[in-house]
Amino acid sequence: MMAQQENGRLSSEDTMSVRTLGSQFDEESSFGSDSEINGFTSSKTVDKYGFIGGAQQYSAESAQDVPLEVLRHREVKWLDMMNHWDKWISKRFKKVRLRCQKGIPPSLRGRAWLYLSGGKVKREQNAGKFKELDSMDGDPKWVDVIERDLHRQFPFHEMFAARGGHGQQDLFRVLKAYTLYRPDEGYCQAQAPIAAVLLMHMPAEDAFWGLVQICEKYLPGYYSAGLEAIQLDGEILNALLKRVSPPAYRHLEKHKIEPILYMTEWFMCAFSRTLPWSSVLRVWDMFLCDGVKIIFRVGLVLLKSMLGSREKLKACPGQYETMELLRALEPRYMQEGYLVSQILELPISARDVERENRVQLKRWRKTHGELSYKSPPRMHGAQAIMSVEPHTRQDLRQKPTIIVQYPLTSDTKSEFAREKKRSTIRRAPNAKLDIPNPYALPSETKPAPLTNQTQEKASENQSDHPPPSLQRSHLTTPEKAPSSDPPAFVVPPIPSPNLARTPPPPQPSPKPKPARPTEIPPSSNPAVTVQSLPLPKDSSNTNNSAHLIDPPPTTDSTPLLPDNAPVNGNSVTAPTVPGLRNSFESVGSEDTYL
């Protein structure tokens, strides 16, 4: 039966699972041989899953494309989880389940499957075991059966298309090693597609340990000689169907359709030869995370969708029509989005499965007696497997093959763009120019005297970009003030009356008092020069008040004022320094509120 129900059959009557374009290859005998594969890939297209010539025609329609940015974000999350896998499984398993339900990133799916199934710990604790089994000669009885089944496993996938290719060789190695690892169980044909799906995502050794975990922990007893476990799960599925979809249950009971007739391939192959490939991958993501309850949910969703209403039952009045309907599932019910949403909404838990398992086991013992093959207890998901299998941090340590490099922040972006991205549109402040204050207070460090070269540079900078402190000032000194109402000035304190070009260092003052503005009395002469007078040592004048004197006669030979002396912009006779006149006028107006 299993040999007749293969994915990719060339028969036109095959409507079960994913249809293949059989008519396209009817004239090609022994498809996949080395003589035919040479020119095959050049004329046939290969989809993103590796299937050739549209063998998975429903996958492209049902697949949900995830944006590249979302995939990269999920990859970083999964890499972080696998670096601390034991903590995530024990403390934050709900988050792991949620990420499995969203879909594992394709680049990390094989590694994530190995961690979820416990194959990573199994491989580390049995280092060199697969190599030892691979070097041994297998049982001739199982070797002959395995070799006959190799070409039946996904013949339209590029990995298994060529006879004797690397895909079929690895598949043979994995299946032969399992018969040597479990000689009491041997080989079952349904194990071949399970191993093939694993080989599509991981190396042969990892696929072997993944197959061991699925056969021993997820589906124990499924591949034993009597197939008693699959029959027992068929009864469990039938009982759960009675609760989920009573119309479908009554219809199947009416026509005496046993669950073993339609669910054997579903469960034993984990729907790998029934659903479109995009849906297969999503089902496996959840199956390896939560266990066999996902397989039950998928079967219940398909039965409810196909036979869950009276209108649908009118199309299959008899047993034959019902079986044909279950073998030719409608593509809309197998689409990734619909199927995953229905699986998550179905209220079937692992506790429900175990409760029904105990009930059906009692009935089995009454009718058939004890089970001939006692399988180990079934583990419901990654958390249960991790809790019963001792492990160390070294067993979970991953050997990364993907290095994630975060993009560095580019310094070429403008400050305006950074401010705009950080909040609303807000222009960044202009860069402050490092210009020394020529009128420093006594408590401040006295600036170095300006040379002609620095004065020219400062004038150029001031003309283009005035300092922010000057930008905030709206007070300007008029060039010609009326004589009747002259403006008030604040004269900065000058500690020494020395008019030499190099002023002496300021005397230290422990507690300098702020300068008070001194009003200048009205004068008939608009050109007034302010100079400081020497203060005696015992003077109590702490305000450093300035005194007024008459301006000196203006001649061409009058030397320039010292660099640290204040310049009165209103004075007609005051010498001017090129390029600094405007800035000094602004400074003088700003000093009024120091």
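Residues numbered from 1 in each chain as written. Predicted model: local features only at pLDDT ≥ 70, side-chain atom pairs only at ≥ 80, totals over all residues. Heavy atoms only, no water.

Caption draft 1: How the structure looks around the overall build of the protein chain. Helix and strand counts for the protein chain stand at 29 helices and 2 strands. Split into buried and exposed, the 594 residues of the protein chain put 44% on the buried side. Contacts in the protein chain between residues at least 24 apart in sequence constitute 76% of all its contacts with a sequence separation of at least 6. Of the roughly 32,900 Å² of accessible surface on the protein chain, a fraction of 53% belongs to carbon and sulfur atoms. (Helix = DSSP H or I, 4+ residues; strand = E, 2+ residues; numbered from the N terminus. Buried < 20%, exposed > 50% of the residue type's maximum accessible area, 1.4 Å probe, protein only. Contact = heavy atoms within 4.5 Å. Areas by Shrake-Rupley, 256 points an atom, 1.4 Å probe, with all protein chains shown as cover.)

Caption draft 2: Spotlight on the packing of aromatic side chains. Summed over all chains, the structure comprises 17 aromatic pairs. Summarising the aromatic geometry, the rings of Tyr181 and Trp209 are spaced 5.7 Å apart at their centres and angled 85° between planes, so their arrangement reads as edge-to-face. Pair noted here: Tyr181 is in helix H11 (residues 166–181) and Trp209 is in helix H13 (residues 204–218), with a separation of 28 residues, a long-range link. When the centroid spacing of 6.4 Å and the interplanar angle of 50° are considered together, the rings of Phe267 and Phe271 count as tilted. Its relative accessible area of 0% is what places Phe267 among the buried residues. Each residue in the set Tyr262, Trp266, Phe267, Phe271 and Phe296 is aromatic and connected to the rest through ring pairs, giving one cluster. (Phe/Tyr/Trp six-rings, centres within 6.5 Å; stacked < 30°, edge-to-face > 60°.)

Caption draft 3: Main features of the pattern of salt bridges. Under the criterion given, the structure shown has 24 salt bridges. Measuring nitrogen to oxygen at the nearest pair gives 2.3 Å for the salt bridge that ties Asp149 to Arg152. The exposure class assigned to Arg152 is partly exposed, which follows from its relative accessible area of 25%. We note a salt bridge from Arg282 to Glu336, for which the minimum N-O separation is 2.6 Å. (Salt bridge = Lys/Arg side-chain N within 4 Å of Asp/Glu carboxyl O.)

Caption draft 4: Representation of the environment of Glu124 in the model. The residue Glu124 is located in helix H8 (residues 119–125) in this model. You can call Glu124 partly exposed: its relative accessible area is 26%. Separated by 272 residues in sequence, Glu124 and Leu396 have C-alpha atoms that sit 8.3 Å apart. In terms of polar contacts, Glu124 uses its side chain to reach the side chain of Arg123, at 3.0 Å. (Polar contact = N/O pair within 3.5 Å; in protein donor to acceptor, adjacent residues only side chain to side chain.)

Caption draft 5: Focus on H13. For H13, spanning 15 residues, the distance from its first C-alpha to its last is 20 Å, which sits close to the expected 21 Å at 1.5 Å a residue. Most of H13 sits inside the fold, with 14 of its 15 residues counted as buried. (Expected span 1.5 Å × (residues − 1).)

Caption draft 6: Focus on the environment of Glu235. Along the chain, Glu235 falls in helix H14 (residues 228–244). In sequence terms Glu235 and Pro259 are 24 residues apart; their C-alpha atoms lie 6.9 Å from each other. For Glu235, the residues in contact, after removing those within four places along its chain, are Glu258 and Gln360.

Caption draft 7: Fine view of helix H16 (residues 260–268). Within H16, 7 of the 9 residues are buried, which leaves it mostly tucked inside the rest of the structure. If you check which residues of H16 are buried, you get Tyr262, Met263, Thr264, Glu265, Trp266, Phe267 and Met268. Summarising the contacts, the buried residues of H16 are in contact with helix H12 (191–199), H14, helix H15 (246–254), helix H18 (293–307) and helix H20 (319–327). At the C-terminal side of H16, Ala270 shows a positive phi close to 55°.

Caption draft 8: Representation of the packing of H11 against H12 within the structure. Direction vectors running N to C along H11 and H12 enclose 125°, while the axes themselves pass 10 Å from each other. Judged on the interaxial angle alone, H12 and H11 are oblique. Between H11 and H12 lies a crossing whose hand is right-handed. Within the contact between the two elements, H11 uses Gly167, Asp170, Leu171, Val174, Leu175 and Tyr178 and H12 uses Gln191, Ala192, Ala195, Ala196 and Leu199. Here the contact of H11 with H12 is composed, by residue class, of 8 nonpolar, 2 polar and 1 charged. (Axes fitted to C-alpha atoms, helices over the stretch in contact; angles between N-to-C directions. Parallel < 35°, antiparallel > 145°, perpendicular 65-115°, else oblique. Left-handed = near helix turned anticlockwise from the far one by under 90°. Nonpolar A, V, L, I, M, F, W, Y, C, P; charged D, E, K, R; others polar.)

Caption draft 9: Representation of the side chain of His255 within the structure. Along the chain, the position of His255 falls in the loop between H15 and H16. Of the polar contacts made by the side chain of His255, one reaches the backbone oxygen of Pro317; its length is 3.1 Å. In contact with His255, not counting residues within four places along its chain, are Pro317, Gly318 and Gln319.

Caption draft 10: Here's a closer look at a positive patch on the surface. There is a patch of like positive charges on the surface, built from Lys242, Arg358, Lys362, Arg363 and Lys366. At 4 residues, the largest contribution of residues to the positive patch is made by helix H23 (residues 350–368). The residue Lys362 is located in helix H23 in this model. (Patch = residues over 30% accessible without salt bridge, like charges linked within 9 Å, V, L, I, M, F, W, Y side chains within 5 Å. Lys, Arg positive; Asp, Glu negative; His and termini not counted. Charge placed at Lys NZ, Arg CZ, Asp CG, Glu CD.)

Caption draft 11: View of the packing of H14 against H23. Between H14 and H23, the shortest axis-to-axis distance is 9 Å and the interhelical angle comes to 120°. Relative to H23, the crossing made by H14 is right-handed. Where H14 abuts H23, its residues Glu228, Gln231, Leu232, Glu235, Ile236, Ala239 and Arg243 lie against Asp352, Val353, Glu356, Asn357, Gln360, Leu361 and Trp364. The residue inventory of the contact of H14 with H23, partitioned by class, reads 6 nonpolar, 3 polar and 5 charged.

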